[in-house]
Amino acid sequence: MRMLSAEYNHVHAKCIDVDSEFLASPSLSLRVAAEALAAVEETEICYRDGHRFAPYLQSRRLAERIDSSQPQFSVRPNGAYVITGGTNGIGLEIAAYLASLGAKHLALTGITPLPSQDQWPSALKSNETSMYVRRKLEKLLQIQSMGASIEIHCGRLTEKKRLSAFLAGFRAKVGKIHGIVHSAGCTPDNSNGRFAFINKSQEDLQRVFEPKADGLEGLHEALSGKSRISL
Ligand SMILES: NC(=O)c1ccc[n+]([C@@H]2O[C@H](COP(=O)([O-])OP(=O)(O)OC[C@H]3O[C@@H](n4cnc5c(N)ncnc54)[C@H](OP(=O)(O)O)[C@@H]3O)[C@@H](O)[C@H]2O)c1
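What you see is a predicted model, and the numbers here were worked out from it, not measured in a lab.

Basis of the calculations
Residues numbered from 1 in each chain as written. Predicted model: local features only at pLDDT ≥ 70, side-chain atom pairs only at ≥ 80, totals over all residues. Heavy atoms only, no water. Pairing = 2+ DSSP bridges. Helix = DSSP H or I, 4+ residues; strand = E, 2+ residues; numbered from the N terminus. Axes fitted to C-alpha atoms, helices over the stretch in contact; angles between N-to-C directions. Expected span 1.5 Å × (residues − 1). Buried < 20%, exposed > 50% of the residue type's maximum accessible area, 1.4 Å probe, protein only. Contact = heavy atoms within 4.5 Å.

(A) Just the sheet that holds strand 2 (residues 44-48), in detail. Strand order in the open sheet formed by three strands is 1-2-3, with mixed pairing between adjacent strands. What marks the edges here is a single partner per strand, and that holds for strand 1 (15-17) and strand 3 (51-53). The sheet shows a mean angle of 20 degrees between the axes of neighbouring strands, taken without regard to direction. One ladder, built from three bridges, connects strand 1 with strand 2; its direction is parallel. From the neighbouring strand, Ile16 faces strand 2, where its bridge partner is Ile45.

The structure is reproduced here in structure tokens:
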């Protein structure tokens, strides 16, 4: 919604998240019309129990909150973490960060097949290994050198049986999973010039949603009924 107005500044788009109290209101149409006329900067509004909520930014001085001598986040000593999309980009950086804080076991998922772990050092040196894979291997070896063990799963999160089997194996090895980061996603292909949301085909959208939304459901199902995650 926010992007629609950004891409077409003559279009005022707004997402109104309502509850049953709002929908039952006798003046429903007037309230929706009032929203349509309200400040255009507010692209996301939420109604709950008669209260109207709008997101806003508040400026804060970083120095007030950050004590650089203290880590901002701590992991369980010997903790076990699952990172979807952990084989590249942000997910791989998070994996390295968790390992640097002392995480002991990391389960990383991705799509691109990787060589088996005993072959990582030689594959890293081989000219037959693509640059994409070499960059991953370099970082993965760096993470291992920090003392973390790594389990890799290559496959879509929507392939539920395979994902469940992988996570069951990881859990059997490490005991308890202490945290999950969902970072799997694919960058939309804009090479066709279809930058704007409205010009995207259903296939483009499905490709983007698949790991983020359906994949999250797959992850949830694979882990549901298991003991509580506690960071
Ligand atoms: N980077 C940014 O500036 C930025 C900004 C806003 C939002 N995000 C979002 O943050 C997330 C991570 O971004 P990133 O830059 O780290 O992306 P990235 O470098 O492309 O890494 C994406 C990860 O997700 C995996 N993946 C791709 N398609 C998948 C699928 N269909 N099912 C399961 N896994 C899949 C990839 O596997 P392979 O390694 O095998 O390819 C990789 O591990 C994405 O959802 C992205 O949209 C990123």
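More follows now that the structure is in view.
(B) Representation of helix 7 (residues 131-145) within the structure. For helix 7, built from 15 residues, the straight-helix expectation of 21 Å at 1.5 Å per residue is met to within 8% by its first-to-last C-alpha distance of 21 Å. Those residues of helix 7 that sit buried are Val133, Lys136, Leu137, Lys139, Leu140 and Ile143. The elements touched by buried residues of helix 7 are helix 5 (89-101), strand 5 (105-110), helix 6 (120-125) and strand 6 (149-154). Of the residues trailing helix 7, Gly147 is marked for its positive phi of about 100 degrees.

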